[in-house]
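So the chains spell out like this:
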Amino acid sequence: MKNNMAKTAIAIAITSLLSACSSTSETTSTTPAYQCDPQMMEESNHLRIYQIMVESFVDGDNSIGHGTGYGTSHHNGDLQGIIDSLDYIQSLGMNTIWMTPIFESAPIDGQDHWADKLDATGYFATDFFKIDPRFGTMDKAKELVKEAHSRGMYVLFDGVFGHHKKGLIKPSPTGKLPSGQNNPVDYPESEEFYSEVAAYWITELNIDGWRLDQAYQVPTESWKNIRKAVDTASQNTTYTNNKGEKVHPLGYMVAEIWNNENYITQTGYGADNNPALCSAFDFPVRYRVVETFAANENSVSNKGGDWLNEGMSMHSLYPKHAKPNLMLGNHDLVRFGDLLQRGNIAEPTDNEYWLRHKAAFSFQAAYSGPITLYYGDEIGDQVDGFSSKSDKNTCAVKGLCDDHVARSSAKIEGITATLTPQEADLKNYVSSLMAIREAHPALYEGKRSHLISNQKVYVDHKQSKDDAIIYMVSTQKTGQTLELQANKIGSKGKLIDLITGQSFSPMGGTYYLPLSGFESRFLKIDEQNDIGPVVPKTDIDLYGDGFMAQCDNPDIKDGSEPLQSTLYVVGDFADSGWDHKSQRAYHYKGNNVYQAVIKEKRGAYKMQYATKGWSAQYTAKGLTLKVGQDAPLIKGGYGKDTAVSIPENGEYVWSLEFTPQGEPKSIMVSKCQ
């Protein structure tokens, strides 16, 4: 379920019920700090999670099923279908499954078909201590967990701890109930109920943890206490793994917070000295990956390696205990293949379609920390006929809204489908990436030293103890040859390509490495030098030139303004959250220029420049703005947000220039001297 950040003036489709949100402000700690469990944190680096939308996955028992739901699938998926698919999932190299909620979502008398569809998602449960009979039974759920554990795989449930179905919520075995309204519930009053939910399934089924839906609905102090309940239940429970060993459930918890790094920290991770949650999905980097190798849901594309590096550098905004988890898609996002088509980039009949998939997966494979793969993406799945945005008034009926189009029927090789040669090739490539990742700690837990990034390429040095790898990926369709200095990348011998087996030796101290369009290489450093990689220094000029970069221009009130309404810097800032705030209002400075001087925190943000009623919206051409540089200003609209990375804390001036007739002309953000 995603965090709906749409502007208040924009009509919301009926399926926004699936994306209902409520912001929870950061709370002051009232209990002692409780640190993240070191063993769980270390093991979580190994997680290769396969996400399953249960109702749309595989129909393994034709006697049960919801038969309705959002998306284009058969809507009859069940637990038996997941059991039948475990061998396939394991063959991909995935070692964990995460299932969307499988708790009972009982219908209320007289509910309409929209409520029936919502019940199938599982995200508005009525009994958190019972398996939905349309998915299976408690015994079937136990069988599923046992079968997964016998293969050495972890099992994660989906924890919806901030909301439930209105009108029919059943008490816990000890008689507890959530408090307040149904969406969101009240905290800390509901904390004991959801702590019991979280512990119950670990004890009852031996599950290994939770994915946390809309985690911002729960205050950080309560997350800390729920995490304690999960840890305690895990430490008091054992099961037999595939090696015949008695082990404790992992106790991993990963938060869904659909926002930027600062907001994820504020509402999820908590403070350095007082952790709330220990892992959260890396939505910010996910968007940068699809904007580089495909296009995002609003068709923003054509980014390069520098865009990826900027996003990865923003990890420094997280507290030390943070464990980001990178995915490319989920049940609320448009599939990567559909994004390629929406952006008019490539079709499944094009070789480039498959090459771009491979490039994106390679970036994920080289990511330090847990990763998650959404079912179907490993074969480049897409929905036939879906490319441009569907009409928001009819997409829910057709199953083609952006937030559920990816809920298509699973194509599982040998069970529900025979793969095409291209699908099979991509699946085999993903399997090989996962095998390489499993074998090389430099990839899943290594220290990242960034070497090169520009519009054409991205290159990292990754190292964990004696395991050192150069990862590189082309971000363009044409070939190139990279020249890397041996003494700068920490190598004095051969580089071995872990995918192709090729060997590269330096010539005169330089490696010459050919790279085809969207090709990636994982190059193992055969013999490291004594110095290690030399990270190039980057100088960033945050100060623009001219009138629009000046922070002390006086207000002008002489009737010469080209605009009649007040504009605001409106975005996902911590002090405003897409609201029009007085401290973010523009003031006229003369020369057809409006400015707002604001204290900003370091971070990556998305915004538009708009009136209170959104009757006028403006954005930067290309939807990207760099501090200290001007850019063309154009008219904006829903989804046409400007992305800006603020490299350091300080006071900044936001400037908009118009023609005398009020037409948009240019934009700049500059740090104040």
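In the annotation of an unreviewed UniProt entry, the entry for the chain reads Alpha amylase, and the organism field reads Aliivibrio wodanis.

**Student:** Sorry, what's going on with the overall build of the chain here?
**Tutor:** When helices and strands are counted, the chain shows 14 helices and 34 strands. Over its C-alpha atoms the chain spans a radius of gyration of 25 Å, differing by no more than 12% from the 26 Å that the globule rule assigns to 673 residues. Counting the 673 residues in the chain, one finds 60% classified as buried. Pairs at least 24 apart in sequence give 73% of the contacts found in the chain among residues at least 6 apart. On the chain, roughly 25600 Å² of surface is accessible, and the fraction owed to carbon and sulfur atoms is 47%. Charged side chains in the chain number 63 positive and 83 negative. The centres of these two groups are separated by 3 Å.

**Student:** Hey, could you run me through the UniProt feature "domain: Glycosyl hydrolase family 13 catalytic" (unreviewed entry) in the chain in this one?
**Tutor:** The sites that carry the UniProt feature "domain: Glycosyl hydrolase family 13 catalytic" (unreviewed entry) are, in the present numbering, residues 51-437. Helix makes up 36% of residues 51-437 and strand 12%, whereas the separation of the span's terminal C-alpha atoms amounts to 18 Å.

**Student:** Hey, could you run me through the packing of aromatic side chains in this one?
**Tutor:** The geometry of an aromatic ring pair comes down to the distance between the two centres and the angle between the two planes. The final tally for this structure, using the stated rule, is 35 aromatic pairs. On the numbers, 5.1 Å between centres and 80 degrees between planes, the contact of Phe129 with Tyr200 is edge-to-face. One end of the pair, Phe129, is in strand S4 (residues 127-131); the other, Tyr200, is in helix H5 (residues 191-205), and 71 residues separate them in sequence. On the basis of an interplanar angle of 40 degrees and a centroid distance of 5.5 Å, the ring pair of Phe161 and Tyr194 is categorised as tilted. Placement of Phe161 in the loop between strand S5 (154-159) and H5 and of Tyr194 in helix H5 is noted, with a sequence separation of 33 residues between them. Taking the relative accessible area as the measure of exposure, Phe161 reaches 1% and is therefore buried.

**Student:** Before we go on, may I ask you to explain the layout of surface pockets in this structure?
**Tutor:** Leftover empty space is mapped by rolling, across the atoms, a probe with the size of a water molecule. Roughly 800 Å³ of volume is contained in the second largest pocket. Along the walls of the second largest pocket sit 31 residues, with Glu43, Tyr154, Tyr239, Asn241 and Leu250 positioned nearest its centre. Elements supplying a minimum of two residues to the lining of the second largest pocket: helix H1 (38-44), helix H6 (220-235) and helix H13 (421-439). Per element, the largest residue contribution to the lining of the second largest pocket is four residues, and it comes from H1. Looking at side-chain class alone, the lining of the second largest pocket contains nine nonpolar, 13 polar and nine charged residues.

**Student:** Would you explain the pairing of strand S27 (residues 593-600) in this entry?
**Tutor:** In the case of a regular strand, side chains alternate between the two sheet surfaces. Of all eight residues in S27, six are buried; the element is thus mostly enclosed. Two elements, strand S26 (residues 587-590) and S27, share three bridges in a ladder whose sense is antiparallel. Bridging from a neighbouring strand, Tyr588 pairs with Tyr594 of S27. Once S26 ends, the chain turns through two residues before running back antiparallel as S27, passing Asn591 with a positive phi of about 60 degrees. In terms of strand pairing, S27 meets strand S33 (residues 650-658) through eight bridges, oriented antiparallel. Bridging across to S33, Val597 finds its partner in Val653.

**Student:** What am I meant to see in the nonpolar core here?
**Tutor:** Nonpolar side chains in soluble globular proteins tend to end up buried together. Counting residues in hydrophobic clusters, the biggest one holds 123 residues, and the most contacted among them are Tyr50, Phe157, Phe161, Trp210, Trp223, Phe293 and Phe363. Here the element with the most residues in this core is H5; it accounts for eight residues. Counting only domains with at least three residues in this core, you end up with domain 1 (38-439) and domain 2 (444-528). Excluding residues that lie within four positions of it along the chain, Phe293 makes contacts with Leu308, Phe336, Leu340, Arg356, Ala359, Ala360, Phe363, Val473, Ser474, Thr475 and Phe518.

**Student:** Is there a simple way to explain the sheet that holds strand S23 (residues 520-525) in this structure?
**Tutor:** Either a parallel or an antiparallel arrangement is found when strands of a sheet pair, and the pairing is made through backbone hydrogen bonds. Taking strand neighbours across the sheet as the criterion, the six strands line up as S15-S16-S17-S23-S20-S21 in an open arrangement whose pairing is antiparallel. Across the chains shown, the open sheet's two edge strands, defined by having one partner strand only, are strand S15 (447-453) and strand S21 (503-504). With five bridges joining them, strand S17 (residues 467-474) and S23 adopt antiparallel strand pairing. Paired with Val473 across the bridge in S23 is Ser520. Contacts between helix H11 (residues 351-365) and the sheet are confined to strand S16 (457-464), S17 and S23, with S17 contributing the most and set at about 155 degrees to the helix.

**Student:** Can you help me understand unusual backbone geometry in this one?
**Tutor:** A negative phi angle is the norm for most residues apart from glycine, just as the trans form is the norm for most peptide bonds. A cis amide bond links Asn183 to the next residue, Pro184, at an omega of 0 degrees. Looking at the element boundaries, Pro184 is found in the loop between S5 and H5. Geometrically, the link from Tyr187 to Pro188 is a cis peptide bond, its omega value of 10 degrees lying close to zero. Along the chain, Pro188 turns up in the loop between S5 and H5. The backbone of Lys465 sits at a positive phi, close to 55 degrees, despite the residue not being glycine. Within the secondary structure, Lys465 sits in the loop between S16 and S17. According to the relative accessible area criterion, Lys465 is exposed, its value standing at 75%. Here Asn591, not a glycine, exhibits a phi torsion of approximately 60 degrees, which is positive. Within the element layout of this structure, Asn591 appears in the loop between S26 and S27.

**Student:** Hey, could you run me through the domain arrangement of the chain in this one?
**Tutor:** Buried accessible area, meaning the area lost when the parts come together, often serves as the stated size of an interface. Domain boundaries in the chain define domain 1 (38-439), domain 2 (444-528) and domain 3 (547-671). A C-alpha centroid distance of 37 Å is found between domain 1 and domain 3. Each partner contributes to the interface: domain 1 provides 17 residues, whereas domain 3 provides 17 residues. Here domain 1 is connected to domain 3 by one salt bridge. As a salt-bridge pair, Glu291 and Lys606 come within 3.8 Å of each other at their nearest N and O atoms. Where domain 1 packs against domain 3, one counts eight residue pairs in polar contact (both at pLDDT 80 or more). For the side of domain 1 that touches domain 3, the secondary structure elements donating two or more residues are helix H7 (261-269), helix H8 (283-293) and helix H9 (305-313). Here the residues of the side of domain 1 that touches domain 3 sort into five nonpolar, seven polar and five charged.

**Student:** How should the state of the cysteines be read in this particular structure?
**Tutor:** Defined simply, a disulfide is a covalent bond joining two cysteines at their sulfur atoms. Tallied over the full model, the rule gives three disulfides. Note that Cys36 is cross-linked by a disulfide to Cys278, the S-S spacing being 2.1 Å. Across the S-S bond of Cys36 and Cys278 the torsion is about -100 degrees, and the bridge reads as left-handed. On the criterion of sequence distance, the pair formed by Cys36 in the segment before H1 and Cys278 in the loop between strand S11 (274-275) and strand S12 (279-281) is long-range, its members being 242 residues apart. Sequence-ordered numbering of the disulfide-bonded cysteines in the chain gives the connectivity 1-2, 3-4, 5-6.

So, how was this worked out
Residues numbered from 1 in each chain as written. Predicted model: local features only at pLDDT ≥ 70, side-chain atom pairs only at ≥ 80, totals over all residues. Heavy atoms only, no water. Helix = DSSP H or I, 4+ residues; strand = E, 2+ residues; numbered from the N terminus. Rg over C-alpha atoms; globule rule 2.2 N^0.38 Å. Buried < 20%, exposed > 50% of the residue type's maximum accessible area, 1.4 Å probe, protein only. Contact = heavy atoms within 4.5 Å. Areas by Shrake-Rupley, 256 points an atom, 1.4 Å probe, with all protein chains shown as cover. Lys, Arg positive; Asp, Glu negative; His and termini not counted. Charge placed at Lys NZ, Arg CZ, Asp CG, Glu CD. UniProt positions renumbered as here; feature names shortened; annotations may be inferred. Phe/Tyr/Trp six-rings, centres within 6.5 Å; stacked < 30°, edge-to-face > 60°. 1 Å grid on protein atoms, 1.4 Å probe; cavity = no way out; pocket = protein on both sides within 12 Å on 5 of 7 lines; lining within 4 Å. Points joined across faces, edges and corners; volume = space filled by probe spheres on them. Nonpolar A, V, L, I, M, F, W, Y, C, P; charged D, E, K, R; others polar. Pairing = 2+ DSSP bridges. Core = buried A, V, L, I, M, F, W, Y, C linked by side-chain atoms within 4.5 Å. Domains from an automatic or database assignment. Axes fitted to C-alpha atoms, helices over the stretch in contact; angles between N-to-C directions. Salt bridge = Lys/Arg side-chain N within 4 Å of Asp/Glu carboxyl O. Polar contact = N/O pair within 3.5 Å; in protein donor to acceptor, adjacent residues only side chain to side chain. Disulfide = S-S within 2.5 Å.

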